[in-house]
Amino acid sequence: MIDRVTEVVRGVSGLGSRCLGPILVVSVCVLVPLCAWAHFFVTLPWWGITPWSRFPVSLLFIASNALVAWGIASNYAMAVLVDPGMPPSIETQSSPKWPRCKKCKLAKPPRTHHCSVCGRCVLRMDHHCVWVSNCVGFFNHRFFLLFLVYMVTGCAIIASMGLPIMVTTSGHEYLRDTLKGGFASFVYVLCLSVSFAVLALLLWQVFLLVTNQTTIEFYINSEERQYLKEKGERFVNSFNLGINKNLHDFFWVPPNMNIIWGFMPWPIFKPIPPHDGTEFTTNHRSNNLNKMEHMDAGMPFLLRYDNVARFDSATSTVSILDRRCYPARTEFVVCRSVEDVANAVRDMVTQSLGPYVAVAQGMVLAARLSKPLALDQAKEFLETAAYKLSHARPTTSATMEKHVNKLKTVAIAALSNGEDYEAATAAHVLKWLDASYSSARRSAANVVKLLPQNCRILTQCFADTYIAFTLLLAKEAGKNISIICPETRPFLQGARLTASCAHDLGIPTTVITDNMPAYVMSRGMVDVFICAADIITLDGYVVNKIGTFQIALAAHYHKIPFYCMREPSPLHPTVNDVHIELRDPTESLGFMGVRTAKEGISGFYPAFDITPPTLVSAIISEKGVFSPFNLQTFATAEHLI
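Conventions and cut-offs
- Residues numbered from 1 in each chain as written.
- Predicted model: local features only at pLDDT ≥ 70, side-chain atom pairs only at ≥ 80, totals over all residues.
- Heavy atoms only, no water.
- Helix = DSSP H or I, 4+ residues; strand = E, 2+ residues; numbered from the N terminus.
- Buried < 20%, exposed > 50% of the residue type's maximum accessible area, 1.4 Å probe, protein only.
- Contact = heavy atoms within 4.5 Å.
- Areas by Shrake-Rupley, 256 points an atom, 1.4 Å probe, with all protein chains shown as cover.
- Pairing = 2+ DSSP bridges.
- Axes fitted to C-alpha atoms, helices over the stretch in contact; angles between N-to-C directions.
- Expected span 1.5 Å × (residues − 1).
- Core = buried A, V, L, I, M, F, W, Y, C linked by side-chain atoms within 4.5 Å.
- Lys, Arg positive; Asp, Glu negative; His and termini not counted.
- Salt bridge = Lys/Arg side-chain N within 4 Å of Asp/Glu carboxyl O.
- Polar contact = N/O pair within 3.5 Å; in protein donor to acceptor, adjacent residues only side chain to side chain.
- Phe/Tyr/Trp six-rings, centres within 6.5 Å; stacked < 30°, edge-to-face > 60°.
- Patch = residues over 30% accessible without salt bridge, like charges linked within 9 Å, V, L, I, M, F, W, Y side chains within 5 Å.
- Parallel < 35°, antiparallel > 145°, perpendicular 65-115°, else oblique.
- Left-handed = near helix turned anticlockwise from the far one by under 90°.
- Nonpolar A, V, L, I, M, F, W, Y, C, P; charged D, E, K, R; others polar.

## Thoughts on the overall build of the chain
- When its secondary structure is counted, the chain shows 17 helices and 19 strands.
- The buried share of the chain, reckoned over its 641 residues, is 51%.
- Long-range contacts, defined as pairs at least 24 residues apart, comprise 69% of the intrachain contacts of the chain with a sequence gap of at least 6.
- Element-wise, carbon and sulfur atoms account for 63% of the exposed surface of the chain, whose accessible area totals about 28,700 Å².

Pasting the structure below:
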């Protein structure tokens, strides 16, 4: 019912805009010539500036004012008459590479949005402007902005020269003795008001221009920025190429020409679009799905995006690399339902960051599976899927729920707007992956600064991108590093996953059993203990793979620094908010499917343990190096060590 009311309101609003637009365009076409007449035939003569003046400066001033007037008229006409840009139809593409808009059935390249007033998609749409009775999009945005520039300039000139006439005695007499005085006075007040109103809009458009955003993208990016800020990550606008490049691209000025040409009115400068509005250059952290080097470039096989978990659109499945048998076998668990993905996470098919990637792709699968359903049923399906995926494992359920709910929000928002919500969810997953890897890389850079030139690292379990980027950046920095990996029973993540990644990066790697860390420390074989964490509470406790606590105890005894890499979790203010997962006890009674204990013997398997802050030397994230006793101020990045 609510959705139906919303559609009716949007329809009425769109009809109002379509009717109001032509009226406002006619109004502008009447007022602009009126203002020009008042300025050239009333104001300038009072100041003694006429074409017949013997002063060359007068002629130059009149010419410059005429240029401004032409800039207003020509750019307004172009903003009204030029089509903002229509995407190609899906049928014209031999191999469709963009999703289809559910409302207008056109393709939706990057930065394209559907206009409810025009009833179609618009390339690089900024907004629908009733004053030009047109959308502001890729092909007419530059004309719209130039119209604002010349309009503010023209109104400021008219008001600044006209108002003195109204307030001086001679000017008052001049206007009273002139039949045109009433119109001129109206124009002066109008231009003063318009100059301030249009200036506010112009400043907004300039801000969007220098940051290479549209109005629509600004609000989308603001939401994304807030989401990443809560995760302790930094937002990057992938289309922002720097002010100079942004200006040249926007005004269609070739790189070898001065940007001032972009402000010249037609036909002094005849711009040629640099492309068709469907492809945009992006920076190195771009989220352009068609051309982009992602943040997993250069990472070991195990940590490439598609080798963690991927959604296959051809088969409507999620494939998750089975880390339980890697590297002995490279196999993928194929999930055909949301329940399959949740079960794979619960069964430890993937670990560390892997479950977050798996459930993210699970939400893409949920979007695909819900497409045949009615709107309300599809939303309910997505809600249920989000709950199942986020609660697959209890210890990380709070963090996972926040992660999955963001994807759910993206999907439902796109669904409600009639967009391809599967594509929207998939795009967000890719964007999140890049942001997550980028954050891990910055965290690793902070760790590398603390490492000695010759460094032997002891780690625990599989710290995923944190340990991989630490090794990679340390190697790039020219440091001589090696790593010792405890095997991490019973799934051997250290022996199979961490050791494999380190080996793939060319790092000297040694595997030891879980009961050896204290011994190798006592032999002087370790310089630093580094691991990640599943949760770091705000009171400084580290929740990580079982065995971390005993290694931290040994490191503390031998005066070896212990650095833990992860952002503290606002969802876990104290250690009392953590629920330790107790897994199937039989998992500790065997190895790789073979039982090693006699029948009748009991097992016990807590998946995680808790290390107190007294044993932790520092908590390290992309924001810096923190004392575990000062994490309450993490959000403000204070109390750095």
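That shown, we press on.
## Some points on the sheet that holds strand β17 (residues 608–611)
- The strand order across the open sheet built from three strands is β12-β13-β17, with neighbouring strands paired in antiparallel fashion. Looking at which strands have only one partner, the edges of the open sheet turn out to be β12 (535–536) and β17.
- Helix-sheet contacts for helix α17 (residues 548–557) involve β13 (542–545) and β17, and the interaxial angle to β17 is about 30 degrees.

## Describing the sheet that holds strand β8 (residues 454–458)
- The seven strands are arranged β10-β9-β8-β11-β14-β18-β19 in an open sheet whose pairing can be described as mixed. Edge positions in the sheet fall to β10 (509–512) and β19 (624–626), since each has one partner strand and no second. If you compare each strand with its neighbour and ignore which way they point, the axes differ by 25 degrees on average.
- Sheet topology note: the strand β11 (residues 528–532)/strand β14 (residues 562–565) ladder contains four bridges and is parallel. Within the sheet, the bridge partner assigned to Phe529 lies in β14 and is Phe562.
- Each of β9 (480–486) and β10 touches helix α15 (residues 493–504); the most contacted strand, β9, lies at about 165 degrees to it.
- Packed onto the sheet, α17 meets β8, β9, β11 and β14 and runs at close to 155 degrees relative to β11.

## As for unusual backbone geometry
- Residues Tyr326 and Pro327 are joined by a peptide bond in cis, for which omega reads 10 degrees.
- Secondary-structure assignment places Pro327 in the loop between β6 (317–321) and β7 (332–335).
- The amide bond that connects Arg489 to the next residue, Pro490, takes the cis arrangement and shows omega of 0 degrees.
- Structurally, the position occupied by Pro490 is in the loop between β9 and α15.
- Its identity is not glycine, yet Ser133 carries a phi of approximately 50 degrees, on the positive side.
- As for its placement among the helices and strands, Ser133 is situated in the loop between β3 (127–129) and β4 (134–136).
- Residue Ser352 is not a glycine yet carries a positive backbone phi of 60 degrees.
- Mapped onto the elements, Ser352 comes out in the loop between α9 (338–346) and α10 (354–370).

## Observations regarding helix α14 (residues 464–476)
- Compared with an ideal rise of 1.5 Å per residue, which puts 13 residues at 18 Å, α14 spans 18 Å between its outermost C-alpha atoms and is within 8% of the ideal.
- Of all 13 residues in α14, 11 are buried, a share of seventy percent or more.
- Of the positions making up α14, those classed as buried are Asp464, Thr465, Tyr466, Ile467, Ala468, Phe469, Thr470, Leu471, Leu472, Leu473 and Ala474.
- Downstream of α14 by a residue or two, Gly478 has a phi angle that is positive, lying close to 85 degrees.

## Structural notes on the nonpolar core
- Ile320, Tyr437, Leu471 and Ile530 are the most contacted members of the largest nonpolar core, which has 84 residues in total.
- Once you skip the residues sitting within four places of it in the chain, Ile530 turns out to touch Val447, Leu451, Ile457, Leu458, Thr459, Gln460, Ile467, Tyr563 and Met565.
- One finds Cys35, Val136, Phe144 and Val152 within the second-largest nonpolar core, a separate group that totals 44 residues.

## Considering the side chain of Asp609
- Tracing the sequence through the fold places Asp609 in strand β17.
- Although buried, Asp609 forms no salt bridge, and the nearest oppositely charged side chain, Lys545, lies 9.6 Å from it.
- A distance of 3.3 Å separates a polar side-chain atom of Asp609 from the backbone nitrogen of Thr548.
- With residues up to four places along the chain from it excluded, the contact list for Asp609 reads Val542, Val543, Asn544, Lys545, Ile546, Gly547, Thr548 and Phe549.

## Here we look at the packing of aromatic side chains
- If you walk through the whole model with that rule in mind, you get 16 aromatic pairs.
- Relative to Phe207, the ring of Trp204 lies with its centre 5.8 Å away and its plane at 35 degrees, an arrangement referred to as tilted. Note that Trp204 and Phe207 are positioned in helix α5 (residues 181–210) at a spacing of three residues, about one turn of the helix.
- Since its relative accessible area comes to 25%, Trp204 is described here as partly exposed.
- Residue Phe207 is classed as partly exposed on the basis of its relative accessible area, which comes to 34%.

## Focus on the environment of Gly21
- Here Gly21 is to be found in helix α1 (residues 2–46).
- Linking Gly21 and Asn134, residues 113 residues apart in sequence, is a C-alpha distance of 7.8 Å.

## Regarding a nonpolar patch on the surface
- The grouping of Leu67, Ile260, Trp261 and Ile268 at the surface amounts to a nonpolar patch, some 360 Å² of accessible area in total.
- Along the chain, the position of Trp261 falls in the loop between α7 (243–251) and α8 (305–308).
- Among the residues examined, Trp261 registers a relative accessible area of 37% and is labelled partly exposed.

## Here's the deal with the pattern of salt bridges
- According to the stated counting rule, one finds 20 salt bridges in the structure shown.
- Two residues, Glu622 and Arg442, come together in a salt bridge whose shortest N-O distance is 2.5 Å. With Glu622 in the loop between β18 (618–621) and β19 and Arg442 in helix α13 (residues 421–448), the pair connects residues that are 180 residues apart, well separated along the chain. Of the two residues, Glu622 and Arg442, neither departs from the other in class, the shared state being buried.
- Sharing partners across several salt bridges, the network here consists of Arg368, Lys371, Asp420 and Glu422.

## Some words on the packing of α10 against helix α11 (residues 375–390)
- At a minimum axis distance of 10 Å, the contact between α10 and α11 shows a crossing angle of 155 degrees. Between α10 and α11, the angle is such that the two are roughly antiparallel. In the packing of α10 onto α11, the handedness of the crossing is right-handed. Counted together, Val359, Gly362, Met363, Ala366, Ala367, Leu369 and Ser370 of α10 and Ala378, Phe381, Leu382, Ala385, Ala386 and Leu389 of α11 form the full contact between these two elements.
- Taken together, the residues of the contact of α10 with α11 break down into 11 nonpolar, two polar and no charged.

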